[in-house]
Amino acid sequence: MNHKLALPVSDGLVLVSCSKEKSATRRALAAFDLYDGGCVPPMRDRLGYRPHRDRVRFLSAEHGLVHADTPLHTYDRPLDPHRAVELRPRVAAALTAEFDTTGVPDEILVVAKPLYLVLLADLLAHPARPRIHWIPDHASGWPDAARVLNTWGW
């Protein structure tokens, strides 16, 4: 599904790892509504129905980089080192395409366990050097993530 990207350069971007916990459903749900573990529920409560939802992406062990509104079916695929290396070029290409269209955001919030940083290795070396806030604890890092969002006025 194509999504119109309207991310001004001065705005942030949120990258969140997927979660094992997902809504029980037989139909596809938007990624933001499907994932139901870690920091996703409080983030969804805060950003899920506001314009900022368009600035949320998920790092999925199954799908790579996923827009918050991308419909997904429930799946169970944990990220392992081999899969992280396999997904890295796909995630890099998706971020490059997005940045080419919308510009590189000044700041990026990443809420993900360390292994997910493999998917973002190319972002970490991006020549525009956006400021990256990394919250490594997906399960209990919400207060830290909320503080970053507060500084953005989100």
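Quick caveat: nothing in here was measured; it's all calculated off a predicted structure. In this convention, every chain numbers its residues from 1, walking through the sequence in written order. A pLDDT threshold of at least 70 governs which residues receive local features in this predicted model, and a stricter bar of 80 or more applies before side-chain atom pairs are shown or counted, although totals over entire chains, interfaces and linings include all residues. Calculated side-chain values reflect all of the structure's heavy atoms, with hydrogen atoms and water omitted.

A.B. asks: Tell me what's going on with the overall build of the protein chain, and back it up with residues and numbers.
C.D. replies: Labels follow the DSSP assignment, with helices taken as runs of H or I lasting at least four residues and strands as runs of E lasting at least two, numbered in each case from the N terminus. The helix and strand inventory of the protein chain stands at 5 helices and 7 strands. The secondary structure elements of the protein chain, listed N-terminal to C-terminal, are β-β-α-α-β-β-β-α-β-α-β-α. This radius of gyration counts C-alpha atoms alone. The globule rule is 2.2 Å times how many residues there are, raised to the power 0.38. Taken over C-alpha atoms, the radius of gyration comes to 14 Å for the protein chain, in line with the 15 Å a tight globule of 154 residues would show. Structurally, the protein chain occupies a C-alpha span of about 40 × 35 × 30 Å along its principal axes. Using a 1.4 Å probe, accessible areas were evaluated by the Shrake-Rupley method; residue-level cover was limited to the displayed protein chains. Approximately 7,700 Å² of the protein chain is accessible, and the part contributed by carbon and sulfur atoms is 53%. Here the protein chain carries 19 positive and 18 negative side-chain charges, and the mean point of each set is 2 Å from the other. In this tally Asp and Glu are treated as negative and Lys and Arg as positive; neither His nor the chain ends contributes. Where a charge sits is defined by one atom per residue type, namely NZ (Lys), CZ (Arg), CG (Asp) or CD (Glu).

A.B. asks: Please give an account of the side chain of Ser60 that cites residues and values.
C.D. replies: Following the sequence through the fold, Ser60 ends up in strand 3 (residues 56–60). Polar contact is defined as a pair of N or O atoms within 3.5 Å, subject to the rule that within protein one atom must be able to donate a hydrogen and the other to accept it, and that residues adjacent in sequence are counted only when both atoms are side-chain atoms. Only 2.8 Å separates the side chain of Ser60 from the side chain of Tyr75, close enough to count as a polar contact. Contacts are assigned to residue pairs that have any heavy atoms within 4.5 Å of one another. Excluding residues that lie within four positions of it along the chain, Ser60 makes contacts with Cys18, Tyr35, Val66, Tyr75 and Leu87.

A.B. asks: Explain helix 2 (residues 40–47) residue by residue, including any values.
C.D. replies: Note on exposure labels: buried denotes an accessible area under 20% of the residue type's maximum, exposed denotes more than 50%, and partly exposed covers the range between, all computed with a 1.4 Å probe on protein chains only. Within helix 2, the full set of buried residues consists of Val40, Met43, Arg44 and Leu47. Take helix 2 and look down its axis: the buried residues cluster within an arc of 100°, on one side only. This arc corresponds to the set of directions leading from the helix axis out to the C-beta atoms.

A.B. asks: Please provide a residue-by-residue account of the packing of aromatic side chains, values included.
C.D. replies: Given two aromatic rings, their pairing is described by the distance between the two centres and the angle made by the two planes. A pair of Phe, Tyr and Trp rings is counted when the ring centres sit within 6.5 Å of each other, with Trp represented by its six-membered ring. The angle between the planes then sorts it: under 30 degrees is stacked, over 60 is edge-to-face, the rest tilted. Applying the stated criterion across every chain yields a total of 4 aromatic pairs. Plain terms: the ring middles of Phe32 and Phe58 are 5.6 Å apart, the flat faces sit at 70° to each other, and that makes the pair edge-to-face. Taken as a pair, Phe32 in helix 1 (residues 31–34) and Phe58 in strand 3 lie far apart in primary sequence, 26 residues in all. Phe58 carries the same exposure label as Phe32, and that label is buried. An angle of 75° between the planes, with centres 4.9 Å apart, marks the rings of Trp152 and Trp154 as edge-to-face. Across the pair, Trp154 and Trp152 agree in class, each one buried. Of the aromatic side chains, those joined through ring pairs into one cluster are Phe32, Tyr35, Phe58 and Tyr75. Two thresholds decide whether a charge sits over a ring: the Lys NZ or Arg CZ must be within 6 Å of the ring centre and within 35 degrees of the ring normal. When the ring centre of Tyr75 is taken as origin, the NZ or CZ atom of Lys22, which lies over that ring, is 4.5 Å away.

A.B. asks: Could you give an account of the nonpolar core, naming the residues involved and the relevant values?
C.D. replies: Within this scheme, the nonpolar core is defined by two criteria: the residues are buried Ala, Val, Leu, Ile, Met, Phe, Trp, Tyr or Cys, and they are joined through side-chain atoms within 4.5 Å. Counting residues in each nonpolar core, the largest one holds 48 residues, and the members touching the most others are Val14, Leu15, Met43, Phe58, Leu109 and Leu120. Only strand 1 (13–17), helix 1, helix 2, strand 3, strand 4 (64–67), helix 3 (81–102), strand 6 (107–111) and helix 5 (142–152) provide two or more residues apiece to this core. Per-element tally for this core: the top contributor is helix 5, with 6 residues. Contact partners of Val14, with chain neighbours within four places excluded, come to Met43, Arg55, Val56, Arg57, Leu109, Leu149, Trp152 and Trp154.

A.B. asks: Outline the pattern of salt bridges, listing residues and values.
C.D. replies: Each reported salt bridge corresponds to a side-chain nitrogen of Lys or Arg within 4 Å of a carboxyl oxygen of Asp or Glu. Under the criterion given, the structure shown has 9 salt bridges. Of the charged contacts, one joins Arg83 and Glu86 as a salt bridge, the two residues approaching to 2.5 Å between their closest N and O atoms. Taken together, the positions of Arg83 and Glu86, both in helix 3 and 3 residues apart, correspond to about one turn of that helix. Among the ionic pairs, Arg88 bridges to Asp122, the shortest N-O distance being 2.8 Å.

A.B. asks: Quick rundown of the layout of surface pockets? Include the residues and the values.
C.D. replies: By rolling a water-sized probe across the atoms, one finds the places where empty space is left. Space inside the largest pocket adds up to approximately 360 Å³. Of the two site types, the cavity is a set of points on a 1 Å grid over the protein atoms alone where a 1.4 Å probe fits but cannot get out, and the pocket is an open set with protein on both sides within 12 Å along at least five of seven lines, each lined by residues with an atom within 4 Å of a point. In this structure, the largest pocket is lined by 17 residues; those nearest its centre are Cys18, Ser19, Lys20, Lys113 and Tyr116. Think of it as three bins: nonpolar holds Ala, Val, Leu, Ile, Met, Phe, Trp, Tyr, Cys and Pro, charged holds Asp, Glu, Lys and Arg, and polar takes everything else, Gly as well. Grouping the constituent residues of the lining of the largest pocket by class yields 6 nonpolar, 4 polar and 7 charged. Grid points are joined across faces, edges and corners, and a volume is the space filled by probe spheres set on the points.

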